Amino acid sequence: MTIPQPVKPIYLALAALVLGIVADIFFMTKDWGIVVPIFTVIFFAMVAVLDRQAEKRMRPFDVAVMVSVLIISIFFAIRDSEMLFVLNMLVMLYLTCLMLVSLYGANIKGFRPWDFFIFPTFDFYAALMTSAGIFKHLKPSGSGKSRVFGALLVAAILLVIFGALFAGADQVFQTIVHDALNGIDGFDDLAVVLFVGVIALLAFAPAFWRRATIREVKPIQSTKDVGVESVIVLGLIDVLFFLFIIVQSVYLFSGQANLEAFHTTFAEYARQGFFQLLTVAILVSVIVWTLRYLTFGAWSLVVKTLQVVLILLTGGVLVSSWMRLSLYEQQFGFTHDRLFSHSFLLVVAAVLVLLLIGLSAKVKDYVLLQSTLAVFILAVLGMNLVNPDAFIARQNIARAAQGYEVDVPHLLSLSDDATPIVLPYLQDQLKTYQDQAAHLQDLQNQVNGLQETIKSMKLTIRDLEYQEIQKELRALRKEIGEIGTPTYRAFVEWQTNYVYNNAWQAWNVARIEARHAREVFAEATK
């Protein structure tokens, strides 16, 4: 498949250079906010313009992926959670690679599960490596000049690679290089522009200049009849799952009454094995996917029936996992890991439902795979809408009304997403912490004053007055130690380490709301 109207390399280079300059302006700051969706819009606008210039037509799949990335990018200007930041960034990078691989000519409809979830990143990397020839078309005219240009380009790349490796291996060399580069005005900006520009140019070239060699995806054709083997394996697995569900019905779903013989409480029993059961559900999904590529001959209906039974029984396993995790949260509260585990349970359940639909109806593999991809995208969007840090704070504070202890240091460790919820609850306690902070400072001043007295009076250990002062110092230090509880230290760190980033690149709804909540709290606790 060739490109109808290849875009001239110089135009691609100019587009890449613009992206590099924009990236330098947008991302050379501590916190990222509104700049992420703006940069995403600029990037995809360039892709759309170049696609039109090359007289190609983006497929509906490419447009759907592009819209998904744009929507996810908006949450960088809304949420402040570090975990969401990492999750959103990874998903956006993966989906962008997937879209670019599609633009390079990959047969997305022929992808197998492992092609969808593993290989797009490798395909993207391979395309970058094969498109390096575009630099030859940017070189100056004349054989002598072109040879010098090519040598300088290769030398620059190798110098950066070896220089980075040497700097990482030797601290002295790293310091010398760092000091030398800091003496060059604008070096950091130039490095960012060149890095982003080169990556963008290499990414654009296979899509709009010269088609890269894409790994051919061949359909799997199984000719060997494995019907008998599949019936035996699935039948035995179904029996095991059925027995496990019976045990769950008797001991987990019925409460404490039937557990006395095992000398364990209901809460202890429920908290065990969540991750093992989640792994079971994932393995079942892999098994059912694998069976779609095998041949069963006369046993097809039996195999399909056993798969349906297995998926339904796995639904019971997922219910058990959900109950175990819920009881664990009820006992110990919500955290990021537990909340994301809940979300992943829902994703696995949705994938199993899709597989069940695929067994009951003639659904093509690529439809199921793209639907599975859509489930993961919707899960990421749902997590952003839930606002994990605010949800965790709200649920843990609600547990206080039921008599459970609230982990205040954990609440204070949450991002600005949770600040407007945490501050009203902790207002009375925070006032106490502020009083403690003032008292602590007063005690420290007294310690400093006594130490100055010892120095100014030139007292020695033999002096009675010196011994009295030392006794008083020990009492003060003991009181200081009693004030320094983990909760108090967490509050002091939360209060003193807060810095609001005024840079426009860091503009973010959650940070603005958190700053306002802190200002209101400061006024209320004066």
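Because the structure is a prediction, the values reported are computed rather than measured.

(A) Spatial organisation of the overall build of the protein. Regarding its fold elements, the protein presents 21 helices and 0 strands. Across the 526 residues of the protein, 40% fall into the buried class. Considering only contacts within the protein whose residues lie at least 6 apart along the sequence, 78% involve residues at least 24 apart. In the form shown here, the protein has an accessible surface area of approximately 29,200 Å², with 65% of it arising from carbon and sulfur atoms.

(B) View of the side chain of Arg338. Structurally, Arg338 can be placed in helix H14 (residues 336-360). Given a relative accessible area of 17%, Arg338 falls into the buried group. The contacts of Arg338, once residues within four sequence positions are left out, are Leu325, Tyr328, Glu329, Phe332 and Gly333.

(C) Spatial organisation of empty space enclosed by the protein. With the rule as written, the count across this model stands at 1 cavity of 30 Å³ or more. Looking at the largest cavity, the residues that line it are Leu411, Leu412, Leu414, Ser415, Ala418, Thr419, Val422, Leu423 and Trp494. Contributions of two or more residues to the lining of the largest cavity are made by helix H17 (408-413) and helix H18 (419-457). Here the lining of the largest cavity takes 3 residues from H18, the largest share from any one element. Residues of the lining of the largest cavity, tallied by class, amount to 7 nonpolar, 2 polar and no charged.

(D) Spotlight on the layout of surface pockets. There is about 980 Å³ of room inside the second largest pocket. The wall of the second largest pocket is formed by 32 residues, among which Asp80, Glu82, Leu414, Ser415 and Asp416 lie closest to the centre. When residues of the lining of the second largest pocket are traced back to their parent elements, those giving at least two are helix H4 (82-103), H17, helix H20 (486-496) and helix H21 (509-524). If you tally residues by element for the lining of the second largest pocket, the top one is H4, at 5 residues. In terms of residue class, the lining of the second largest pocket is made up of 14 nonpolar, 8 polar and 10 charged.

Rules and cut-offs
Starting from 1, residues in each chain are numbered consecutively following that chain's sequence as written. In view of the model being predicted, local features appear only for residues whose pLDDT reaches at least 70, and side-chain atom pairs are presented and counted only at 80 or more, with totals across whole chains, interfaces and linings using the full set of residues. Hydrogen atoms and water are omitted, and side-chain values are computed over all heavy atoms in the structure. Where helices and strands are cited, they refer to DSSP runs of H or I of at least four residues and of E of at least two residues respectively, numbered from the N terminus. Here's how the labels work: a residue is buried when its accessible area is under 20% of the maximum for its type, exposed when over 50%, partly exposed in between, all with a 1.4 Å probe on protein chains only. The contact criterion used is simple: two residues touch if any of their non-hydrogen atoms lie within 4.5 Å. For every accessible area listed, the method is Shrake-Rupley and the probe measures 1.4 Å; residues are considered covered only by the protein chains on display. Here a cavity is any set of points on a 1 Å grid over the protein atoms alone where a 1.4 Å probe fits but cannot get out, and a pocket is any open set with protein on both sides within 12 Å along at least 5 of 7 lines; a residue lines the site when it has an atom within 4 Å of a point. Grid points are joined across faces, edges and corners, and a volume is the space filled by probe spheres set on the points. Under the grouping applied here, Gly and all other residues not named as nonpolar or charged are polar, the nonpolar ones being Ala, Val, Leu, Ile, Met, Phe, Trp, Tyr, Cys and Pro and the charged ones Asp, Glu, Lys and Arg.

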